[in-house]
Amino acid sequence: LRHPPDLSGRLIQIKAVCYRSAEDRALEDGPRGMILIVDSDAATRDSLHLLLECEGFTVREYDTIRRFFDEVRPVPGDCLIFDERGTGMSAAEFGAALRRRGAGIAAILVTGHANPAQRERARAAGYAAVLEKPYTVGEMLDVVRLATRP
């Protein structure tokens, strides 16, 4: 039997990031687009949601690509965080589907197996960044901040 990884250190890091209110951060940083998370793993979605809300972002999360396309109409300024594992669609296919729908948003691919070829495919598919798991809270915040910079 595999035991789940010990995430206590990461949860402490996430909680430590929340030393200021989301309203304070939003006032300091100005208006921001929405962060859209598409990930099949509920624990990951919940952790990212908490982290990014603590940073002043408005966050919506989706467990499937179908639900994402049924419920959201991305607008410029929004940022997508996409983990292709378990979603039934590759990063390239999802990027193409976004382009067909006219969603000109920043997209971040999260993957457990980034290699030069996959990074190049992601870049060609329109992703602004590729973040390899496991990543730190700081790494995630850095790529989100860069992707959402006006």
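Residues numbered from 1 in each chain as written. Predicted model: local features only at pLDDT ≥ 70, side-chain atom pairs only at ≥ 80, totals over all residues. Heavy atoms only, no water.

## Details of the sheet that holds strand β5 (residues 129–132)
Now for step 1: The sheet built from five strands is open, its strands ordered β2-β1-β3-β4-β5 with parallel pairing. Lying at the two open borders of the sheet, with one neighbouring strand each, are β2 (58–62) and β5. Ignoring which end each strand starts from, the neighbouring axes of this sheet average 20 degrees apart.
Now for step 2: For strand β3 (residues 79–83) and strand β4 (residues 106–111), the ladder comprises five bridges, and the chain directions are parallel. Across the sheet, the residue bridging to C79 is A106, located in β4. (Pairing = 2+ DSSP bridges. Helix = DSSP H or I, 4+ residues; strand = E, 2+ residues; numbered from the N terminus. Axes fitted to C-alpha atoms, helices over the stretch in contact; angles between N-to-C directions.)

## Here we look at the pattern of salt bridges
Now for step 1: For the structure shown, the criterion picks out seven salt bridges.
Now for step 2: In this structure, K133 and D83 form a salt bridge, with 2.7 Å as the shortest nitrogen-oxygen distance. Of this pair, K133 sits in the loop between β5 and α7 (137–147) while D83 sits in strand β3, and the two are 50 residues apart along the sequence.
Now for step 3: Accessibility expressed as a relative area gives 26% for K133, which makes it partly exposed.
Now for step 4: The salt bridge partner of E120 is R123, with a shortest N-O separation of 2.8 Å. Here the residue E120 and the residue R123 both occupy positions in helix α6 (residues 116–124), the gap between them amounting to three residues, near one helical turn.
Now for step 5: The class of E120 is partly exposed, set by a relative accessible area of 44%.
Now for step 6: Among the charged side chains, a salt-bridge network with shared partners connects D63, R67 and E71. (Salt bridge = Lys/Arg side-chain N within 4 Å of Asp/Glu carboxyl O. Buried < 20%, exposed > 50% of the residue type's maximum accessible area, 1.4 Å probe, protein only.)

## Quick word on the packing of aromatic side chains
Now for step 1: For the structure on display, the rule yields five aromatic pairs.
Now for step 2: Arranged with centres 5.6 Å apart and planes meeting at 70 degrees, the rings of F68 and F94 form a pair that is edge-to-face. Here F68 is found in helix α4 (residues 65–71), whereas its partner F94 is found in helix α5 (residues 91–100), with 26 residues between them in sequence.
Now for step 3: Its relative accessible area of 0% is what places F68 among the buried residues.
Now for step 4: For F94, a relative accessible area of 0% translates into the label buried.
Now for step 5: Ring centres of F82 and F94 lie 4.4 Å apart, and the angle between their planes is 35 degrees; this geometry places the pair in the tilted category. (Phe/Tyr/Trp six-rings, centres within 6.5 Å; stacked < 30°, edge-to-face > 60°.)

## A closer look at the nonpolar core
Now for step 1: Counting 22 residues, the largest nonpolar core has V38, F68, L80, F82, F94 and Y127 as its most contacted members.
Now for step 2: For this core, the secondary structure elements donating two or more residues are β1 (34–38), α4, β3, α5 and β4.
Now for step 3: Core analysis: the second largest hydrophobic core is formed by 21 residues, L52, I81, M140 and V144 among them. (Core = buried A, V, L, I, M, F, W, Y, C linked by side-chain atoms within 4.5 Å.)

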